[in-house]
Amino acid sequence: MVKTKAPKIKLPPDPESESWNKLPWRKLEQHVYRLQKRIFKAESRGNTRAVHKLQKLLMKSRATRLLAVRRVTQDNQGKRTAGIDGVKSVKPAQRFTLAEQIHPKQWSQYKPQPVRRIYIPKPGKDEKRPLGIPIMRDRSHQCLVKFALEPQWEAKFEPNSFGFRPGRSCHDAIQTIHTNICTQAKYVLDADIKGAFDHIDHQALLAKLDTYPAVRLLVKAWLKAGIIDNGIFDETRKGTPQGGVISPLLMNIALHGMETDLIAAYRWKEGRPKFVRYADDLVVFHPKLEGVEKAKEILSEWLQRIGLELKPSKTRITHTLMEYQGKTGFDFLGFTIRQYPMGKTHTGKRPNGQPLGFKTLIRPSKEAIAHHVKETHRLVAEHRSMKQEKLIKELNPVIYGWANYYRSICARRAFKHCDMVLFRQLERWANRRHPNKNRHWIMQKYWKVDEGKGWIFRTPDLQLRNHQQTYIRRHVKVKGTASPYDGNLLYWSQRLKKHPLLNGVKAKLLQKQEGKCRWCGLYFKDEDLIEIDHITPKSEGGGEELSNKFALHRHCHDERHSKKANGTYDKGHVTEEPCDGKLSSTVLKTSRSGDTHA
């Protein structure tokens, strides 16, 4: 019997999708960036009047409004989470309407809707984190205002603030800590701000905002919009909803000035403390115990003025070298940081060559290792009846991500431990599948000998990545108060290709493409979602070699594939439109890739 397939019916192009994709996105981004750069430079000069004029010009611009809508409806990882209106996807025609609705001339008729309360689990903990999800229009509106406020505040933020800022990562914070303690043992105040998003005082935040009245009233309306939790409305008297587009920026604005005021409280003879903050986690270093105790009092009083406080269960004083209160060193952002006494052959040295008698080492924390091992165990257990190829495809992204996060520190011993544990997990997985076979037969079936590399869990086409395949590469801290809005795009694109969280293929492609997107030709920025596409598709015989790949923005990836198929292609999700010509309606699915690093 001859196998036949029904002929494919090629639908005509959707005019709405075509008009959206044919917009001159490259020119729009260049126009917006030029205005943001002017705002940054005007704030650096202290010209507040020019800043406000440029912000008004930026938010009235059609280019900015279109980019704000695209950021929310196409680029954002959380776009598939609906607000109280239930809208998860926005078609191109509605995107154009949305861009007109967020124009500043419409602000007087605009009233923000309450956010929808959802709860997500905290990694490795039984607690749940409350999120507030705005509707699509409110998200687009917040993104527009963020485009205007962020360049202004990037020119003002303190140099040792790293969380939720473009071009700055947790690895910059860790490198700053290493620089502060590598030549001197110090006492440490390791503190956490309790409910930083949920308890910020509205009046204190609005007084700090430093913007013109229309934007201040808009931000106040968002703060007072309220929350709907299981159909019950509740007023918001304090805090900014964690989950809003502009909420991280507002939290950083509320906490701005903490480092400056802390250092100003110390006389020169006392010795100035060193301060590092990543979002709501902070550490203070001082050679003397009295110095960090004083810092704790100053910070507690400072936080009370904006309605916040230090969390007692997560606030402690330790020492980097000696045991203090039963603990040596401290954990920060999943890293264990401490100093070890060393002999003359292994000791750290001062810049002049004088031996210190100790060495500063940063390693993955025990809690982080245990959580990662638990995650690989869960994946192996969930796929105990799946094929080997499927299991490898599930494990490789987890191993890649975890190893890349810790590749800039002393992680070789941790990588070796994780590989050993993973081998035992896979061995149990294989034994369960073949209870009547001996160990030699099982090893020959699932593990192959690679010369010089030992036993590799692999199939003819796919190989499991080991943690130890990730090379240790030190991270270079960002320069002082440098910002992506300062105009030095070459510096930022070069930093991006060396970012610890970018895997080897993306880094090689960024170097090959000189930090530019192959589709639009613009430099990649830190907040951009970078994806890899094949020049010749695998379905047409293309291979996995580097010469057949290139890096591009997520929205550029969507645009490239939309020319091959009808409707808007959305990689990692589903085709949004058109549904009329299909036998069944579009099914909405959540993204598999999760949120991005702060």
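In case you missed it, the structure is sitting above this.
Residues numbered from 1 in each chain as written. Predicted model: local features only at pLDDT ≥ 70, side-chain atom pairs only at ≥ 80, totals over all residues. Heavy atoms only, no water.

Comments concerning the pairing of strand S1 (residues 115-121)
Across a regular strand the side chains alternate sides, sitting on one face of the sheet and then on the other. Pairing between S1 and strand S4 (residues 227-229): two bridges, direction parallel. Considered in S4, the bridge of Arg116 is made with Ile228. Relative to strand S2 (residues 128-133), S1 runs antiparallel, the two being bridged by six bridges. For Arg117, the partnering residue across the bridge sits in S2 and is Gly132. (Pairing = 2+ DSSP bridges. Helix = DSSP H or I, 4+ residues; strand = E, 2+ residues; numbered from the N terminus.)

Topic: empty space enclosed by the protein
Summed over all chains, the structure comprises three cavities of 30 Å³ or more. If you add up the space inside the second largest cavity, you get close to 90 Å³. Around the second largest cavity, the lining is made up of 14 residues, and of these Val115, Gln142, Trp222, Pro241 and Ser247 lie nearest the centre. At the level of elements, helix H6 (136-154), helix H9 (213-223) and helix H10 (247-255) are the ones that each hand at least two residues to the lining of the second largest cavity. Two domains each provide a minimum of three residues to the lining of the second largest cavity, namely domain 1 (15-156 + 213-227) and domain 2 (157-201 + 238-361). (1 Å grid on protein atoms, 1.4 Å probe; cavity = no way out; pocket = protein on both sides within 12 Å on 5 of 7 lines; lining within 4 Å. Points joined across faces, edges and corners; volume = space filled by probe spheres on them. Domains from an automatic or database assignment.)

Focus: a positive patch on the surface
On the surface, a cluster of positive charge is contributed by Arg49, Lys53, Lys56 and Lys60. Looking at the element boundaries, Lys53 is found in helix H3 (residues 48-60). (Patch = residues over 30% accessible without salt bridge, like charges linked within 9 Å, V, L, I, M, F, W, Y side chains within 5 Å. Areas by Shrake-Rupley, 256 points an atom, 1.4 Å probe, with all protein chains shown as cover. Salt bridge = Lys/Arg side-chain N within 4 Å of Asp/Glu carboxyl O. Lys, Arg positive; Asp, Glu negative; His and termini not counted. Charge placed at Lys NZ, Arg CZ, Asp CG, Glu CD.)

What to know about unusual backbone geometry
Unusually for a residue other than glycine, Ala279 sits at a positive phi of about 60°. One can find Ala279 in the loop between strand S6 (274-278) and strand S7 (281-286). Exposure remark for Ala279: the relative accessible area of 6% places this residue in the buried category. With a phi close to 55°, Gln325 is a non-glycine residue in the positive phi region. (Buried < 20%, exposed > 50% of the residue type's maximum accessible area, 1.4 Å probe, protein only.)

Brief notes about the sheet that holds S6
Taken in spatial order, the four strands line up as S6-S7-S3-S8 in an open sheet, and their pairing is antiparallel. Every other strand in the sheet has two partners, leaving S6 and strand S8 (316-319) as the edge strands with one partner each. The mean inter-strand angle of the sheet, taken between neighbouring strand axes irrespective of direction, is 20°. Here five bridges tie S6 to S7, and the two strands are oriented antiparallel to one another. Looking across to S7, one finds that Lys274 is bridged to Phe285. The sheet strands contacting helix H7 (residues 170-181) are S6 and S7, and the helix crosses S6 at an angle near 165°. (Axes fitted to C-alpha atoms, helices over the stretch in contact; angles between N-to-C directions. Contact = heavy atoms within 4.5 Å.)

Examining the environment of Gln30
Looking at the secondary structure, you find Gln30 in helix H2 (residues 25-45). Overall, Gln30 belongs to the partly exposed group, its relative accessible area being 28%.

Structural notes on the side chain of Asn252
Here Asn252 is to be found in helix H10. With a relative accessible area of 0%, Asn252 lands in the buried category. Polar side-chain contacts of Asn252 include one of 2.9 Å to the backbone oxygen of Gly163. Residues in contact with Asn252, not counting those within four places in the same chain, are Phe157, Ser161, Gly163, Phe164, Arg165 and Arg277. (Polar contact = N/O pair within 3.5 Å; in protein donor to acceptor, adjacent residues only side chain to side chain.)

Topic: helix H13 (residues 366-382)
Helix length check: H13 (17 residues) gives 24 Å between terminal C-alpha atoms against 24 Å at 1.5 Å per residue, within 8%. Taken residue by residue, H13 has Ala368, Ile369, His372, Val373, Thr376, Leu379 and Val380 as its buried positions. Mapping the buried residues of H13 onto a view down its axis gives an arc of 130°, with all of them on the same face. Those residues of H13 that are exposed and aimed more than 90 degrees away from the buried face are Lys366, Glu367 and Lys374. (Expected span 1.5 Å × (residues − 1). Arc of directions from axis to C-beta.)

Concerning the packing of H3 against H6
Their axes nearest at 9 Å, the elements H3 and H6 cross at an angle of 155°. When the interaxial angle is binned, H3 and H6 end up roughly antiparallel. The two elements H3 and H6 cross, and the hand of that crossing is right-handed. On H6, the residues that touch Val51, Gln55, Leu58 and Met59 of H3 are Leu144, Val145, Phe147, Ala148, Leu149 and Gln152. Here the residues of the contact of H3 with H6 sort into eight nonpolar, two polar and no charged. (Parallel < 35°, antiparallel > 145°, perpendicular 65-115°, else oblique. Left-handed = near helix turned anticlockwise from the far one by under 90°. Nonpolar A, V, L, I, M, F, W, Y, C, P; charged D, E, K, R; others polar.)

Section: the pattern of salt bridges
One pass over the full model with this rule turns up 14 salt bridges. Among the salt bridges present, the one from Arg305 reaches Asp261, with a minimum N-O distance of 3.9 Å. One end of the pair, Arg305, is in the loop between helix H12 (289-304) and S8; the other, Asp261, is in helix H11 (residues 258-264), and 44 residues separate them in sequence. Across the pair Arg439 and Glu427 runs a salt bridge whose closest N-O atoms are separated by 2.8 Å. With Arg439 in helix H16 (residues 439-446) and Glu427 in helix H15 (residues 412-433), the pair connects residues that are 12 residues apart, well separated along the chain. Residue class for Glu427 comes out buried when judged on its relative accessible area of 12%. Residues joined by salt bridges that share partners form a network here, namely Glu375, Arg378 and Glu382.

Structural notes on the sheet that holds strand S11 (residues 358-364)
On the basis of which strands lie adjacent, the open sheet formed by three strands has the order S9-S10-S11 and antiparallel pairing. Strands at the two margins of the open sheet, each flanked by one partner only, are strand S9 (330-332) and S11. Within the sheet, the average angular offset between the axes of one strand and its neighbour, ignoring direction, is 30°. Packing against the sheet, H7 makes contact with S9, strand S10 (335-341) and S11, and its axis sits at approximately 20° to S10.

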